[in-house]
Amino acid sequence: QVQLAESGGGLVQPGGSLRLSCAASGFAFSEYAMRWYRQAPGQERELVAGITGGGSNTMYVDSVKGRFTISRDDAENTLYLQMNSLKPEDTAVYFCNVLVRWQEYWGQGTQVTVSS
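Given the structure is predicted, the values throughout are model-derived calculations rather than measurements. (Residues numbered from 1 in each chain as written. Predicted model: local features only at pLDDT ≥ 70, side-chain atom pairs only at ≥ 80, totals over all residues. Heavy atoms only, no water.)

Which parts of the structure should I look at to understand the pattern of salt bridges?
A side chain with one charge may pair with a side chain of the opposite charge, provided their charged atoms come close. Taken as a whole and assessed by the stated rule, the structure comprises five salt bridges. The salt bridge partner of Asp62 is Lys65, with a shortest N-O separation of 2.9 Å. Among the residues examined, Asp62 registers a relative accessible area of 61% and is labelled exposed. With relative accessibility at 48%, the residue Lys65 sits in the partly exposed group. One continuous salt-bridge network, built from bridges that share partners, spans Arg38, Glu46, Arg67 and Asp90. (Salt bridge = Lys/Arg side-chain N within 4 Å of Asp/Glu carboxyl O. Buried < 20%, exposed > 50% of the residue type's maximum accessible area, 1.4 Å probe, protein only.)

Written as structure tokens, this is what we have:
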């Protein structure tokens, strides 16, 4: 049973940092590409970052390049998103995502609020 659980969100001031975690279980974590999405109020879910199963390749949406870093710890079955220099427009619910046997799986999301 594939399960994803995000954590690490919270309230932070502009310019601050947060590190999100996604604990994964129910599949061979190290073999799968993982993704972070976010959804702001009234907006569609947006792909923020992705990482290949081997961890050697990453991608980022232009708006977070240079500020966010996606990484993984395969020994702990955990995906991370380090978020630095946060801006109010980063405010959203952040979701962990994986495609396993043509089925998309999502965590419950963790709220990130950037405000002074």
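Looking at this structure, I do not really get the pairing of strand β4 (residues 34–39). What am I missing?
Successive side chains on a regular strand alternate, one facing one side of the sheet and the next facing the other. Pairing geometry for β4 and strand β5 (residues 46–51), over five bridges, is antiparallel. Bridged to Met34 within β5 is Ile51. Linking β4 to β5, which pair antiparallel, is a turn of six residues; within it Gly42 sits at a positive phi near 75°. Pairing analysis gives six bridges linking β4 to strand β9 (residues 92–100), with the strands arranged antiparallel. Bridge pairing in β9 links Trp36 to Cys96. (Pairing = 2+ DSSP bridges. Helix = DSSP H or I, 4+ residues; strand = E, 2+ residues; numbered from the N terminus.)

Hey, could you run me through the sheet that holds strand β3 (residues 18–25) in this one?
Hydrogen bonds between backbone atoms are what pair the strands of a sheet, whose relative direction is either parallel or antiparallel. Taken in spatial order, the four strands line up as β1-β3-β8-β7 in an open sheet, and their pairing is antiparallel. Of all strands in the sheet, those bounded by a partner on one side alone are β1 (3–7) and β7 (68–73). Strand-to-strand, the axes of this sheet are offset by a mean angle of 15°, without reference to chain direction. With five bridges joining them, β1 and β3 adopt antiparallel strand pairing. Counterpart to Ser7 in the pairing with β3 is Ser21. (Axes fitted to C-alpha atoms, helices over the stretch in contact; angles between N-to-C directions.)

Got a minute to help me understand the state of the cysteines in this structure?
As used here, a disulfide is simply a covalent bond connecting the sulfur atoms of two cysteines. Scanning the entire structure with this criterion turns up one disulfide. Disulfide pairing places Cys22 opposite Cys96 at an S-S distance of 2.1 Å. Taking the torsion about the sulfur-sulfur bond, which here is approximately -80°, the covalent link between Cys22 and Cys96 counts as left-handed. In this pair, Cys22 sits in strand β3 while Cys96 sits in strand β9, placing the two residues 74 residues apart along the sequence. Assigned by exposure class, Cys22 and Cys96 land together as buried. (Disulfide = S-S within 2.5 Å.)

Hey, could you run me through the pairing of strand β11 (residues 110–114) in this one?
Only one face of β11 is covered, namely the one carrying Thr110, Val112 and Val114; the face carrying Gln111 and Thr113 has none of its residues buried. Two strands pair when backbone bridges link them, and strand β2 (residues 10–12) and β11 are joined in this way by three bridges, in the parallel orientation. Bridging from a neighbouring strand, Val12 pairs with Val114 of β11.

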